[in-house]
Structure formats: structure tokens, C-alpha cells
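# Structural overview
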4 protein chains.
Amino acid sequence: MPVRASIIGASGYTGGELCRLLLSHPDAELVQATSRSLVGQPLHRMHPNLRGHSALTFSVPDALEPCDVLFLCMPHGESSKQIARLIEHARVVIDLAADFRLRDMAEYRKWYEQEHPCPEAARTAVYGLPELSRDSLRDARLISGVGCNATAMNLALLPLARAGLIDRAIADIKVGSSEGGAEASQSSHHPERSRAVRTYSPWGHRHLAEVKQALGDLRIDATITAIEMVRGVLCTAHVEPTRPVDDKELWRLYREAYNAEPFVRIVRDRAGMHRLPDPKVLAGSNHADVGFVIDEHSGRIIALCAIDNMMKGAAGSAVQCMNLAFGLPETAGLTFPGLHPA
Amino acid sequence: MPVRASIIGASGYTGGELCRLLLSHPDAELVQATSRSLVGQPLHRMHPNLRGHSALTFSVPDALEPCDVLFLCMPHGESSKQIARLIEHARVVIDLAADFRLRDMAEYRKWYEQEHPCPEAARTAVYGLPELSRDSLRDARLISGVGCNATAMNLALLPLARAGLIDRAIADIKVGSSEGGAEASQSSHHPERSRAVRTYSPWGHRHLAEVKQALGDLRIDATITAIEMVRGVLCTAHVEPTRPVDDKELWRLYREAYNAEPFVRIVRDRAGMHRLPDPKVLAGSNHADVGFVIDEHSGRIIALCAIDNMMKGAAGSAVQCMNLAFGLPETAGLTFPGLHPA
Amino acid sequence: MPVRASIIGASGYTGGELCRLLLSHPDAELVQATSRSLVGQPLHRMHPNLRGHSALTFSVPDALEPCDVLFLCMPHGESSKQIARLIEHARVVIDLAADFRLRDMAEYRKWYEQEHPCPEAARTAVYGLPELSRDSLRDARLISGVGCNATAMNLALLPLARAGLIDRAIADIKVGSSEGGAEASQSSHHPERSRAVRTYSPWGHRHLAEVKQALGDLRIDATITAIEMVRGVLCTAHVEPTRPVDDKELWRLYREAYNAEPFVRIVRDRAGMHRLPDPKVLAGSNHADVGFVIDEHSGRIIALCAIDNMMKGAAGSAVQCMNLAFGLPETAGLTFPGLHPA
Amino acid sequence: MPVRASIIGASGYTGGELCRLLLSHPDAELVQATSRSLVGQPLHRMHPNLRGHSALTFSVPDALEPCDVLFLCMPHGESSKQIARLIEHARVVIDLAADFRLRDMAEYRKWYEQEHPCPEAARTAVYGLPELSRDSLRDARLISGVGCNATAMNLALLPLARAGLIDRAIADIKVGSSEGGAEASQSSHHPERSRAVRTYSPWGHRHLAEVKQALGDLRIDATITAIEMVRGVLCTAHVEPTRPVDDKELWRLYREAYNAEPFVRIVRDRAGMHRLPDPKVLAGSNHADVGFVIDEHSGRIIALCAIDNMMKGAAGSAVQCMNLAFGLPETAGLTFPGLHPA
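Residues numbered from 1 in each chain as written. Chains lettered and ligands numbered in written order. Predicted model: local features only at pLDDT ≥ 70, side-chain atom pairs only at ≥ 80, totals over all residues.

A few words on the domain arrangement of chain A. All names here are of chain A. Domain parsing of chain A yields domain 1 (3-146 + 312-325) and domain 2 (148-309). Distance between the C-alpha centres of domain 1 and domain 2: 24 Å. Every contact between the two is made by 18 residues of domain 1 and, on the other side, 26 residues of domain 2. At the level of elements, helix 3 (105-112), helix 5 (130-138) and helix 10 (311-325) are the ones that each hand at least two residues to the side of domain 1 that touches domain 2. Of the residues assigned to the side of domain 1 that touches domain 2, the class counts are eight nonpolar, four polar and six charged. (Domains from an automatic or database assignment. Contact = placed C-beta atoms within 7 Å. Helix = DSSP H or I, 4+ residues; strand = E, 2+ residues; numbered from the N terminus. Nonpolar A, V, L, I, M, F, W, Y, C, P; charged D, E, K, R; others polar.)

Turning our attention to the interface of chain B and chain C. Taken together, the contact between chain B and chain C spans 38 residues of the former and 38 residues of the latter. Across the side of chain B that touches chain C, the residue classes break down as 16 nonpolar, 11 polar and 11 charged.

Rotating chain B by 180° and moving it 0.0 Å along the rotation axis overlays it on chain C with an RMSD of 0.0 Å. Expressed as an axis order, the relation between the two copies is that of a two-fold axis. Across chain B, the rotation axis passes nearest the C-alpha of Glu228(B), at a separation of 2.9 Å. When the interface residues of chain B are mapped onto chain C, 100% of them are again interface residues, pointing to one common binding face. (Least-squares fit on C-alpha atoms with pLDDT ≥ 70 in both.)

Each partner contributes to the interface: chain D provides 30 residues, whereas chain B provides 31 residues. Considering each element in turn, the side of chain D that touches chain B owes the most residues, three residues, to helix 1 (residues 13-23) of chain D. Partitioning the side of chain D that touches chain B into residue classes produces 12 nonpolar, 13 polar and five charged.

We now examine the environment of Gly128(C). Residues and elements named next belong to chain C. Tracing the backbone shows glycine 128 in the loop between strand 5 (126-127) and helix 5 (130-138). Given 28 C-beta atoms within a 10 Å radius, glycine 128 is considered buried. The residues touching glycine 128, leaving out its near neighbours within four places in the chain, are Ile94, Ile143, Ser144, Gly145, Val146, Ser317, Ala318 and Cys321. (Buried ≥ 20, exposed ≤ 12 C-beta atoms within 10 Å, placed from the backbone.)

Once that is clear, we can look at the relation of the copies chain D and chain B. Superposing chain D onto chain B takes a rotation of 180° plus a shift of 0.0 Å along the axis, which leaves an RMSD of 0.0 Å. Most of the interface of chain D is mirrored in chain B, where 100% of its interface residues again form contacts.

Now for helix 5 of chain A. Residue and element names in this part refer to chain A. When helix 5 is considered as a whole, its buried residues turn out to be Pro130, Glu131 and Leu137. Taken around the axis of helix 5, the buried residues stretch over an arc of 55°, which confines them to a single face. Elements that come into contact with the buried residues of helix 5 comprise strand 5 (126-127), strand 6 (142-144), helix 6 (148-162), strand 11 (264-266) and helix 10. (Arc of directions from axis to C-beta.)

Our next topic: the pairing of strand 2 (residues 28-33) of chain D. Residue and element names in this part refer to chain D. Sheet analysis places strand 1 (residues 3-8) next to strand 2, joined by five bridges and oriented parallel. Note on strand 2: the bridge partner recorded for arginine 4 is glutamate 29. Note that the unit made of strand 1, helix 1 and strand 2 has a crossover that is right-handed. (Pairing = 2+ DSSP bridges. Right-handed = clockwise from strand over helix to strand, strands pointing away.)

Moving on: helix 9 (residues 247-258) of chain D. All names here are of chain D. Compared with an ideal rise of 1.5 Å per residue, which puts 12 residues at 16 Å, helix 9 spans 16 Å between its outermost C-alpha atoms and is within 8% of the ideal. Every buried residue of helix 9 is accounted for by Leu250, Tyr254 and Ala257. Buried residues of helix 9, viewed axially, fall in a sector of 65°; they line one side. Those residues of helix 9 that are exposed and angled more than 90 degrees off the buried face are Lys248, Arg255 and Glu256. (Expected span 1.5 Å × (residues − 1).)

Let us now look at the sheet that holds strand 9 (residues 220-226) of chain D. Residue and element names in this part refer to chain D. With mixed pairing, seven strands are arranged side by side in an open sheet as 8-9-7-10-13-12-11. The strands lining the two open edges of the sheet, one partner per strand, are strand 8 (198-201) and strand 11 (264-266). Here the average twist between neighbouring strands, direction ignored, is 25°. As paired elements, strand 12 (residues 288-294) and strand 13 (residues 301-307) share six bridges and run antiparallel to each other. For valine 293, the partnering residue across the bridge sits in strand 13 and is isoleucine 302. Most of the contacts of helix 9 go to strand 12, to which it runs at about 165°, and overall it touches strand 11 and strand 12. (Axes fitted to C-alpha atoms, helices over the stretch in contact; angles between N-to-C directions.)

Residues and elements named next belong to chain D. Counting buried positions along strand 12 gives six out of seven residues, so the element sits mostly inside the fold. With three bridges connecting them, strand 11 and strand 12 associate as parallel partners. Bridging across to strand 12, valine 264 finds its partner in alanine 288. What sits between the antiparallel neighbours strand 12 and strand 13 is a turn of six residues, in which glycine 299 has the positive phi angle 85°.

Confidence in the prediction for chain A averages 97 pLDDT; 100% of positions are at 70 or higher. Scoring the predicted complex yields pTM 0.98 and, for the interface, ipTM 0.97. (pLDDT = per-residue confidence, 0-100.)

To summarise the sheet geometry, strands pair through backbone hydrogen bonds and adopt either a parallel or an antiparallel arrangement. Residue and element names in this part refer to chain B. The strand order across the open sheet formed by six strands is 2-1-3-4-6-5, and the pairing between neighbours is parallel. Here the strands that pair on one side only, and so sit at the sheet edges, are strand 2 (28-33) and strand 5 (126-127). The pairing of strand 3 (residues 67-72) with strand 4 (residues 90-95) spans five bridges and is parallel. When the bridges of strand 4 are listed, leucine 72 appears paired with aspartate 95. Helix 1 (residues 13-23) contacts strand 1 (3-8), strand 2 and strand 3 of the sheet and is inclined by roughly 145° relative to strand 2.

We now examine the packing of helix 6 of chain A against helix 10 of chain A. Residues and elements named next belong to chain A. Running from N to C, helix 6 and helix 10 point in directions that differ by 95°, and their axes come no closer than 9 Å. Of the possible angle classes, the one that applies to helix 6 and helix 10 is roughly perpendicular. Packed against helix 6, whose contacting residues are Cys148, Thr151 and Ala152, the element helix 10 presents Lys312, Gly313 and Ala314 at the interface. When its residues are assigned to classes, the contact of helix 6 with helix 10 shows three nonpolar, two polar and one charged. (Parallel < 35°, antiparallel > 145°, perpendicular 65-115°, else oblique.)

Our next topic: the environment of Asp278(B). For Asp278(B), the position within the fold is in the loop between strand 11 (264-266) and strand 12 (288-294). Along the backbone, Asp278(B) and Leu324(B) are 46 residues apart, and their C-alpha atoms lie at a distance of 27 Å. In this structure, Asp278(B) is in contact with Ala306(B), Ala196(C), Val197(C) and Arg198(C), ignoring residues within four places of it in sequence.

Another aspect to go through is unusual backbone geometry. In this structure, Pro341(A) follows His340(A) across a cis peptide bond, with omega equal to -10°. Within the fold, Pro341(A) resides in the segment after helix 10. Backbone geometry at Arg195(B) places phi at a positive 60°, although glycine is not the residue there. Within the secondary structure, Arg195(B) sits in the loop between helix 7 (190-193) and strand 8 (198-201). The phi torsion at Glu113(D) lies on the positive side, around 55°, for a residue other than glycine. Checked against the element boundaries, Glu113(D) lands in the loop between helix 3 (105-112) and helix 4 (119-124).

As C-alpha cells, then:
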């Protein structure tokens, strides 16, 4: 019996990515995909890649039927208002918005500048990054999605943080345009956005809250720059270590952290063109490519992580969580290796 | 005494391009640039390249003062409603919208599906492509701008049309995203528009009306495809000739048509990477690059024209018209050669 | 027992795409991937997406072992010299070069300007486009790959050609940079190739030979223009019909031709942004998206086909042929729907 | 009498950019442009934008005639070998390679791993960034060009360095593909380079030598990442200040440093889309756009500088130096404001 999955808010980009993943998932079935504005229209009206891959049409959110897993792809702030009702529809709810990412309500208030509408739910939600919380995800009832920028930071820094090696970190993050979602705006207008190198978030404070929750109270800053790319995040974390380290130790730390991880690859080659992580090769893949280099003059560590923001940074991690919560093979439906060249 | 120039609707892309050209024009002066929504703001709020190049702020359209030349960059359909009033403000009015491009009011009605608000003005307007109507432009009072797609077709085909060589022509036109103007929309949203190869106008009918007015009643069709590019048009016209022609004759025809033209270059090299017209090298330049090849198997002529839609296809031609109307050197303010690589 | 597959020349782009497809194919196994220059190196040295997806290293071509199917990804002209020897290694050989695409040796001589090294093999080779030759592929011993530009033309025009509707056709083809293969050259240098709109083949003669072999002796011309894109072909075929047709008849012809085809989709929507075929949504997918429009003023038919040149235009079709030749489900290993946005 | 200028090595990208600038310079004349491989060919064979803008052909380097100013655009390491001879040809020599950027021969040896072929010349060369050494440039005989990455770092940090505010700086630098020059290579192959986010220089050590020479012995690191762009550099410098600063003080420091500079603009808006420096709007312009933000949580300063690597980072600064050395208006020939959108 496949896992019966439904999506609220399926017309956006993460909703579309979930549709794609669930439609080709060996152990799941997409049963409903809601969109208030597109009721009755075929999925491919918004997601042209799905033409011919599904006979489903968008349904009205109010007609939601019980299912095994319910994915929420609503605007930030919506799911937390409706969670009490929505959680009744499914054994597991996975929310891809920011609503349930922070457990500490004081932090939530600080960064989102409002009271959380449903703090009890927020406190029990499991953060949906298997590399951080695999065991808890197996029994989770409510799973929060991950922020894509936070995920790139978390996976770049996790081995260093665990080893107590981070004295100071600055994450310089490069992102593609799909991060902004499917809604058009002046800043996403192609003539303006094309080839922009736009520092749209010099501080990235909200993302840091997620990182500190995951890695501990680090001294970490972030700056986010939009570049010419649709999918993709590269986090370049510049780290001052608490003590001198050598390459060999870093190899050991990263291997220990990630060798058992099905989706994390260490990219640190000495030959060829692909020596360090690059999101270019990750579109559609659930991989997080992680790498590191030591600057021999200053001792600085450069720790990198590249992901597809819509996969490992959103829908891919969410499906990975579903796999864990339902006892399916963790990589089921997530084995696409990405394209090259593309 | 420089020509005193003002722009109505200066916040859009052609308005911004006019600002740029006029601010560095040796014989003109930009005195007013209006924008209802940006009154009091510096030009660089919308046109970041102009930061530091002008102390002007956007002014309210109602405060328009008399000037020598008035450029109209209003939405299509607006200038023809206000022309009776606007023409009082300046010795010469140059309208960059489509309102005054067609002289035949039946054609106008057919393609724009409405009566023209000011047919007397339309009949006296001079079509603003110097390669077609240089002499009339010298005495013009009202000059219509050109369509960028029509301009690429006109300049690709003019020598063939004059020689009566066109039996049948199909113009396959590739365009960049700036053609759509500064207003954001779902179809210009970067994730959707980036690397699209979108046949958004399979027929291009309105543009053909302009071509037929210029070149005579040809059998010509057009198809327009949006590609990854911000500025630029390439018209690839596939022409069945009325009789066999050889390369030598085509060289002669194109040379006769264009050797005296300051902005038309014949691009037909036998070596190197730049053998035929390519809009890539034309951004910011007022050149129209024109080329031709004969398919020796079928006798088809491939006639090409590449332009920057915002320059030769809009603001550049408009300034060229201003130069003619005021007896200035025709190339004044328009000598930027374009960038390579870019 | 999976089909045991090997690849000669696996370091190029089609070789890499075949590696990707075979590594995730449910019924096949990649056993050898040869590359003279990369012997002993992991596949991901050239194909970074495959990192972690295979422990295989490139092997020397001379060490080729017997296998069920052998894919040849050699430079054009090489496989026909070695075919007598290579065909002994496998039950089925699929050659992705141009060597065995033409059955008529006079045509081969004309376009490739040399005698075919192995005309007997060329005469028995089956053209590897299942939409044209599915039945013969089931028993084929030697299968030729398809040209990507020819495939886009063939699938755009097939229903019209079968109905005898083509009086004259001009194919205006837009292509991405991966068509040129993995070898760097001055014309593929990023600063030169980026955003180029370069008419590098005004006639496309060789490609037309493939089309005429498939569709009959049509009056057809082609012009090929490189645009900013890595993967993708859009063929815009402008067709003068032999008699007037209406939309309903075209719908019927395209449906008859393609309704049973697992990979051809008819794209002709009246709403949304995705009304006609666009290669943007096809990267990694084996779909051919086909559409058509009638120009009501001239009666011209615009027939379009978009493909990923590396998939339906090369490696995807080749795997589809393998599936047919080995009695596997035709879509096995080819179900990836493409990404959106990307 | 215009300044008579010649260029050695005019077929490369900086050579082409110099041709463009000199051909439209009001007070200079391009008299010779040498290229060993293209002798006798028109400039537009390599620089297609210059078609119709010059009748000059590439000449053989050995036929170099005396001139007023000689620009050297040779491969790194060449000019220092030939400088004794070349300096006889012109009153002023401006070398755009790295050969004369460092005055300290120990530093040169350390970063270039060889002895300098002409240390006496190196010691007298003036570093060609007018913002650093305007007065010395007026009397200079030998002027060294600037590194584009170093220039972006220098101008981002200069006001902070002068005020003694930099405790620690990390420069995260994003660059376009033209930085690599006109020579094609596997890593510049369009399918590989397009949309790459490739950390090709995790340390940027050589560039730092130039920065330390200019700003003093700072604790500064750099990481360089290639992104999708042809022209452009954005330096994002993350600075730990030696003491807390506020926005007002930074405004004062940047204004003091740059208010008299003709090409440096402070970009720090509170509204609109263009709040911080972005190289997107700088192609073809000699501007350096500089901005700064304080991270109020950590006190970190984010100091940014965007330039066109071929203009302010190479040919533009070189012409600015020529202007100074010959007593011309400093901005002569350098007033192009850049394009928007583009």
C-alpha cells in the first residue's frame, strides 16, 4: 500500500517540486494537490514538466480528504494558524514554511516580530533535516521544513561545530532566483534579475536563528547575494578555528559526520574541474555537496556546501523526512543524480 | 545653444535609455523627465547606471514646460489621446509608442481593434526610421517611433524589397526580455523567463503592418520567440526570391542600400567567429548589423538583421531622428560602439 | 538478469548522459565505460553528477569485454571504421555518431565528402528513432543514433509529411551549447558563447539528409542558430501547406501520429505560460514536445518541436532503442519528467 | 595634437577594450595595435564591436613605431623581460600585466615563484590606481596596471584601512568569465562555465599581495568564486572592526575618501532595487561602486565594491592613468555610464 500524500498549496514552486517527487515515488501516491486559484486545472498548467505525468487536477483546499501525509506549502505564517485543524487530516504533517522551524518562542518572536499562533505545536515539531534529527523523525507527527540557506550553512559547518572548532564564522551565501518563490515582483523581473549580483540580505538574521538552534550558540554571521541561477545555493563559510587544524583532521571530521549519510557527498578533488561543491551540478538532486579547504597563510577554514534549494533545501528533504516517518527506504524517490552539463 | 529635450514617461526602459543618451549628447540637454509615480526621486532610483550622471529628479507630467523636443514614452494608446495638447509644448514631438506608426487608419483599426483617437495627426506623422525617411524627418513636426521587431525586419529586407526580389518571406525573430518593458509580470518572472525559448507571438501580425507600410505589400509572415537575452533582436528572414540571384548581386544591393548609412553595417565575413549579425555585440549601440546568405541548394536567401531593441529599435533611432530634425550631425550622441565581450 | 551495457567513448557528453541513464536503469547494468585519456579515473572526474552513484572507473577501450549492448560515442567517422570488429562484442550495437544514419551511400558521399568505410553495415543499420522505426528496432543488430536537429525536425513534421501536406518547409532551429560536445574551442569560450545568437549553420544541409530519408523528398530548408542555453533544441518549422487546413484537422493528424507514443507530448494550450513547446522544461527528460499553430492570415503552419538534444536527441533515444531491442518496457529508465523551474 | 597611443598584444580582451576606449577618446589617437597571430587583419576580426569604427589592422609587434604612450597587454611575465627595450618607444609605458604591480621584490618572488627580470624598473613603476597614487601618476614614466580583484578589494576597504578600523577582513569575491582572458580552455567551455558557481581560488593569495602593498599589512583573506557573468567583479568584504563604529562614521569616512573621486560612487540607498553595489549595471563603465552596511548584531562591517573588471579593473583605469600622465581631463574618454537593463 503506497503512502497516500496530499499537498496544500501545490501551485507554488515547492508544491510543484513535491508533486514531481511524489508522482515518481515508488512507495507513495499523490492523491490531492490543492490550489485556491487553479481549481480544476491540470497540474501542468503551473508545472509544465508534469504534462502527461498525472491526470490530477488542482482541488479546492476545503475539499481536503484524510491522507497519510500532508505537505503544507502555504505562505509563511499561514500553516501555524491552521495547524490544529490540518493535523487532524493526516498521520504526519510536514510543513515547508518557516512556521515551525524554531522551537524557542522567544527566538521566533525576535525574528518574526509576532507571537507564534500555536506555540504548543511549534515545541513538538521536529526539524526536518535528517542529518540533524534522523531518529526523532521516525516518530514525528509534525515535521517542519528547513530553510534552504540554513541547510547550506548547517551542513557546511556541522562537523566543525560538533568538534568545537568554530571560533567565528561568516557565511557568504549565493542563491538563485527560485528561492523567492513563484510570485512575480519587480525585483524578479527578468531584465532586472538577469545576471544581477544583488546583496539583498546583508545580514540573513532569520536564517541564523535556525543555524544556532541546530549547531549551538555560534558566533556566526551571514550575507546573502542573489546571482544568475534559478536553482541553487552555495554557502561559503569562512571560519576562524578555535585552534590550528590540518587537512587530515578535517577529512576525518567530515567523513565521520557524513560517511553514513545517503545524500551528503564530500567534494574535495585535487584534479579536474569539479574540485569543490558547485550547485550547478545539483539541480533536481537531493545531494548536499560539502567541501573544505584550509588557508595555509591565515589558518582560516573555508567550508562549503552546495544544494538545490528546492530539493535538499525544501521538497527533497521533506520527502526524505516522509520516508523516515513511514519506515520507507530513506532514499526512495530521491535518487535522481542531477544533470551534467546543464 | 543645446536642443532642450524633455521626456514624458521617463521611468520605463525606453525613457531611461533616452535619459542616458540625452545626458551624454554633445548638442542636447535633458531638461525634464516626468514620472507620475516617482515625482521628486532621482533618475537613478529607476536607472541605476545614471547615478552621478544627473542631478535631475522625476517631475510631475502636469508641470511640463515648453522645450525644443518632447519624447513621449507612454503606454500604447495614450499619446494619441493627448497629442493635440502635447504638441503645443515643443517644436518637435517624437512618440515612441505604437500610436503614430501606421498612416492608414484602416490598418490601424484592423490591428489595434479601435478607432484612432487622432487620425489627422497620424496621417502627418513621419515614421522615425532614417533609413526609410531621412528627408521627411528633417522637417517633421511629429515623428513616430519604430517597432523594434519591424525595424529588424525592415532593415533585413529593404534592399531585397526595393529590387523586387521578394516572392515570399518568413521572418523568424528572436528577442530579449527588455522588449516587454519595465513592468513585471508572471511571464517575465526570472525563474520562468530565464533560458526560456518561448514562442509568444506565432504570427507577429501587428509588426507586419509596419513592415508592409515601409516595404510595400509583401507576402511576409513572422514568428517571434523570446530567448535568454535582455537586449537584442535577431531577425532571420527566410526569403524565396522572385528569380535566382547570386552572392555578387546581393552584395551590390546591400551596399547600395546601406553604404551611406551611418549606422547600418554589413556583416558577412568568411573567417572568425563573427560572420553574421549577432545582437550580442550590439548592446548600447545604435548599429543595425545586416547580413545575407544564399542557400545554394534551394536558392532561398537568408537575410538577417540584428539590433539592440532599446537603441536602433527605440531610443537610439528616436535620437537619430532628433538629430535630423534639428540639423545636428546625424550620429551625435550615438557613437558608442558596443562592448565585447559582454 | 539485467542487460549488460558498455560504452566506448564515455568521457564525452553523450557518453556521460548514457552513464547516467544506465546507472539508474531498472533493467540494465553499466559494466564498462571506456576513455583512452581517463583510464583508471572515476566517472565523476568528467561527470560530476555521478559522484557517489558508481564505483566504476574509465577503462581502456582495448580491454572491452563482451556485453549485451554496446554504445558507441566516438568522434564522427570512427565507428564506421571499427564496426566490423566492435559488432562482435555485443548482441546489439548502438552508434551515437553520424556514421550509420544514412542508408543511401550516395547521400552519405554527398554530405560527408568521403566514401563510407563500411557500406554493408550502413545499409543494414536501423535508424534509432522509435517514432519512425519501432518495429525494425525490435530485431536490430546495429542501430544508428539520431541527429538532434534532425529529430526535432522529424517529429515536428512527421504528421504533416504523412498526410502529404508539406509543399515547402523552412526549419528555423535554435540550439544550446552542449550540441557541440565536450571539447572546448574558441567559439565555445564562455565570454564569446554566452548570450550569443549565432547563426552558425545557415543551411544545415547534413541534417536535412536525415530528414529527407525519414520523411521523403520534401522541399525543406534549415537554418541553425546557437542561443544561450546548454541543453535544448527548438525547431520552428514554417510550412506552406499543399492545401488549406484547419486547426481541427491538425489536431487529428498530430493525435493520430503521437497518441500512442510514450514520449511525444502535444503542447498547444490556450491558457497559461506554457502554450507551445519550449526546451526549457525538458532538460533531462526524454520527451519530445510537439505543437502547431495556423497563421490565419497566410495559411502558413508553424510546427514546433522541442527536445533535450542529449536525451531525445541522443542518449535518451538510444536507451529507448535498447529497451525495444531487448524487449524491456519502452520507457524503462527514461521516466524523469524534467524540472521546473530550472 | 592628440596623444598618440599604441598597444602591444591588442588581440586579447584588455587589448580590445583599450582599442575601444582609445578610438573614441577625444584627446588620443590609436596608431598601432599589434598582434602576432592576426597581422594584417582588421581589428573587428577579434573585436566585433569595432566593425566600422576603425580602418586599422593588426600590425606585427616588431614594426612598433615611436609613440606617446604604449600600452602593454602581454601574457604575465613577458613585459618585464622586454621592458628595457619597450620603454624606449614611448614617453609613457602602461603595463596591464602583473609584472610591475609589486614593488617589493621579496613579495614578487614569494607569489610568482621566480626572480623579477627587471627589478630596477619594478621599483620605479607607479601603481596605476589613481585613487591611490594620483599625484605620482602625473610624472610617471612606467605605470603598472591593476589587478581587478585587488582593485575591488582596495576600493571597498580603503576608507576603513586609512582609519585604522580593520582588525580582520575576509573578501568574498564573485567574478565573471572575462577575467580569464580571451584564450579558450576546458574550464571556460560554455556548457561547463555557464551558471557555474565555482570556487576556483579559495585563497587568492597573489591578489592579497597587491592589497597589502596598497593598504598596509592588514589581516586579510580572500576567496574567489566564478559566477554566471561575463564582465564584473563584486567584492564583499566582511570586516571585524578594531572598535565599534556607527553608520554615520562610515558615511563620513567613505565620503571623505571618495567625494572628490570622479569614478567612485557610494551606493547605499534605502529604497528601490539598487541599494548596494552590483556589477550588473557597470559593464563598459569606469565606475567603482562602493557601499557598506553594519551588521547590528555582531558589529561586522560589510564593505562592498563592484567594478567592470575590464574597465576600472584593467583598461579603464589604464586610460585614466594616461589622462593623468598627459595632463588631460581625468575623465576624458571614460564617461560612458553603463547600460540598464542589460
